[in-house]
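Overview (structure and organization)
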Amino acid sequence: MEAEANSGSLEDSWAFIQRPGEGCRTVPLAGHVGFDSLPDQLVNKSVSQGFCFNILCVGETGLGKSTLMDTLFNTKFEGEPATHTQPGVQLRSNTYDLQESNVGLKLTIVSTVGFGDQINKEDSYKPIVEFIDAQFEAYLQEELKIRRVLHTYHDSRIHACLYFIAPTGHSLKSLDLVTMKKLDSKVNIIPIIAKSDAISKSELTKFKIKITSELVSNGVQIYQFPTDDESVAEINGTMNAHLPFAVIGSTEELKIGNKMMKARQYPWGTVQVENEAHCDFVKLREMLIRVNMEDLREQTHSRHYELYRRCKLEEMGFKDTDPDSKPFSLQETYEAKRNEFLGELQKKEEEMRQMFVQRVKEKEAELKEAEKELHEKFDRLKKLHQDEKKKLEDKKKSLDDEVNAFKQRKTAAELLQSQGSQAGGSQTLKRDKEKKNLGFL
């Protein structure tokens, strides 16, 4: 009986192991074991390694992006103010090491320089999308390495995008809607109304409702603070109703009552940054840093990065199942992709060979045609040369004939002259003789 009982107990235990959740029993421990310290171990390990958080600030120049970052983290970040003369949108990234108590944070702030300053704003969102994808690609390449060092890798993926909306009081600009629509599947978007003290409280309420309505009607998915955790469900649910946050930033401290507070001084009064009756800065700081920073990091990895990773691997030909819905191993995928690549490579080599042969034939035909033209030109020049040579020879012959005739005439003339001179000399002698004879007489 005891053996049967033990056998039944073992079967029950095996069934419990195989089917967790079915017929579970709570067994009290006879003494202290110690696995309740696991959360403390995780906390200590995380604190020793430190944390990273990356914020992307998207908005037109002059909306106070840098000032708000300084106000959020209660420090003065280095950076030069942007001008309105940028030829295109550029992303400027700066990383800072912050320390609060014994917790270290590697903070990266990425700002869009020149966003919305161009006349043609059609492609203003493209540099932002390319930057976010580049960070995903860098992390994916690190994951695909044989020797991975993800525990020391600086994660540059964007965890939160603060989208700064100009306080127009009317509606969202087309640029804002297009940009947020392109970014909502790649990053956690938190819309905020910048410099909200520029419009009245009643206008601000209507503006928030208008923005929310336009985002919903255009299908823009903004980040919703999670409500599945009971400890933060109430506060996050309340804060979701306040989106978009209307914020004011200021690093200037003024004495209000007996305290020094961050505020903005105007001729008509003072706006306190940390006064929830004046703006939503405190709400933004609580939701972004104190309550939901880890969820933003988790959403970036489990949702946005996984979507990018899945699409990228599918483009490379990797799948989880084959057409028969059977598991698809990595080795089979690699072999199939390799064979496909080799087939395409051979096909391209054959195409290049045929193209090379075709171009060689075309070149030979061109060379033959050029050779034929050269031969024809040579024949024409040779014939022309012969004609010119014949003409010159004929001309030379005629000149030689003229020279010979001239020489003959010259010889005849000299002969006649010599004969004439001889005849004249004999006549002179005869006359002298006759005169002598007469004188003698």
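Just so it is clear, the structure is predicted and the values come from calculations on it, not from any experiment.

Quick notes on the rules
Position numbers for residues count from 1 along each chain, tracking the sequence in the order it is written. pLDDT decides what is reported in this predicted model: residues at 70 or higher carry local features, side-chain atom pairs at 80 or more are listed and counted, and totals for whole chains, interfaces and linings draw on all residues regardless. No hydrogens and no water enter the side-chain calculation; it runs on all heavy atoms of the structure. The numbering of helices and of strands both runs from the N terminus, where a helix is a DSSP run of H or I of at least 4 residues and a strand a run of E of at least 2. Relative accessibility decides the category of a residue: with a 1.4 Å probe and only protein chains considered, values under 20% of the type maximum give buried, values over 50% give exposed, and everything between is partly exposed. Paired strands, in this sense, are two strands between which DSSP finds at least two bridges. Throughout, an axis means a line fitted to C-alpha atoms (over the contacting stretch in the case of helices), and angles, computed between N-to-C directions, take values from 0 to 180 degrees. A score from 0 to 100, pLDDT tells how confident the predictor is in each residue. We call two residues contacting when some pair of their heavy atoms lies within 4.5 Å. Residues enter a nonpolar core if they are buried and are Ala, Val, Leu, Ile, Met, Phe, Trp, Tyr or Cys, with the set joined through side-chain atoms within 4.5 Å.

The next thing to look at is unusual backbone geometry. Of all residues except glycine, most have a negative phi; of all peptide bonds, most are trans. The peptide bond linking leucine 243 to proline 244 adopts the cis configuration, its omega dihedral lying at -5°. Tracing the chain through its elements places proline 244 in the loop between α7 (230-240) and β6 (245-246). For serine 101, which is not glycine, the phi dihedral falls at a positive 60°. Mapped onto the elements, serine 101 comes out in the loop between β2 (90-100) and β3 (103-113).

This paragraph deals with the environment of serine 426. Of note, serine 426 is situated in helix α10 (residues 330-440). Distance in space between the C-alpha atoms of serine 426 and serine 213 is 148 Å, their sequence separation being 213 residues.

With that settled, consider the environment of cysteine 24. Positionally, cysteine 24 belongs in the loop between α1 (2-18) and α2 (38-49). Given the relative accessible area of 47%, cysteine 24 is considered partly exposed. Spatially, the C-alpha atoms of cysteine 24 and leucine 204 are 54 Å apart, while their sequence positions differ by 180 residues.

With that settled, consider the sheet that holds strand β7 (residues 253-256). Strand order in the open sheet formed by 3 strands is β7-β8-β9, and the pairing between neighbours is antiparallel. One side of each edge strand has no neighbouring strand; the edge strands of this open sheet are β7 and β9 (269-272). With strand direction ignored, the average angle separating the axes of adjacent strands in the sheet is 65°. Taken together, the 4 bridges between strand β8 (residues 259-266) and β9 define a ladder with antiparallel strand orientation. Paired with glutamine 265 across the bridge in β9 is threonine 270.

Moving on, we come to the sheet that holds strand β5 (residues 189-193). Pairing within the open sheet is mixed, and its 6 strands lie in the order β2-β3-β1-β4-β5-β6. Bordering the open sheet on either side are β2 and β6, each of which pairs with just one other strand. Bridge analysis of strand β1 (residues 51-58) against strand β4 (residues 160-165) gives 4 bridges, and the strand direction is parallel. Bridging across to β4, isoleucine 55 finds its partner in alanine 160.

Counting all residues, the mean pLDDT for the chain is 86, and 90% of those residues have values of 70 or more. Within the chain, α1 has the poorest average pLDDT of any element, 43, and β4 the best, 96. This stretch, residues 1-20, has a pLDDT under 50; its non-local contacts, to residues over four places away or in other chains, come to 1 contact.

The next subject is the side chain of histidine 304. Topologically, histidine 304 is positioned in helix α9 (residues 293-315). In contact with histidine 304, other than residues within four places in its own chain, are Phe136, Asp184, Ser185, Lys186, Val187, Asn188 and Gln299.

This paragraph deals with the nonpolar core. In terms of nonpolar packing, the biggest core is built from 72 residues, with Leu162 and Leu288 touching the most fellow members. Of the residues forming this core, the biggest block, 7 residues, is contributed by helix α4 (residues 126-143). Beyond its immediate chain neighbours, meaning those up to four positions away, leucine 162 contacts Ile55, Leu56, Cys57, Val58, Met69, Leu72, Ile190, Ile192, Leu284 and Leu288.

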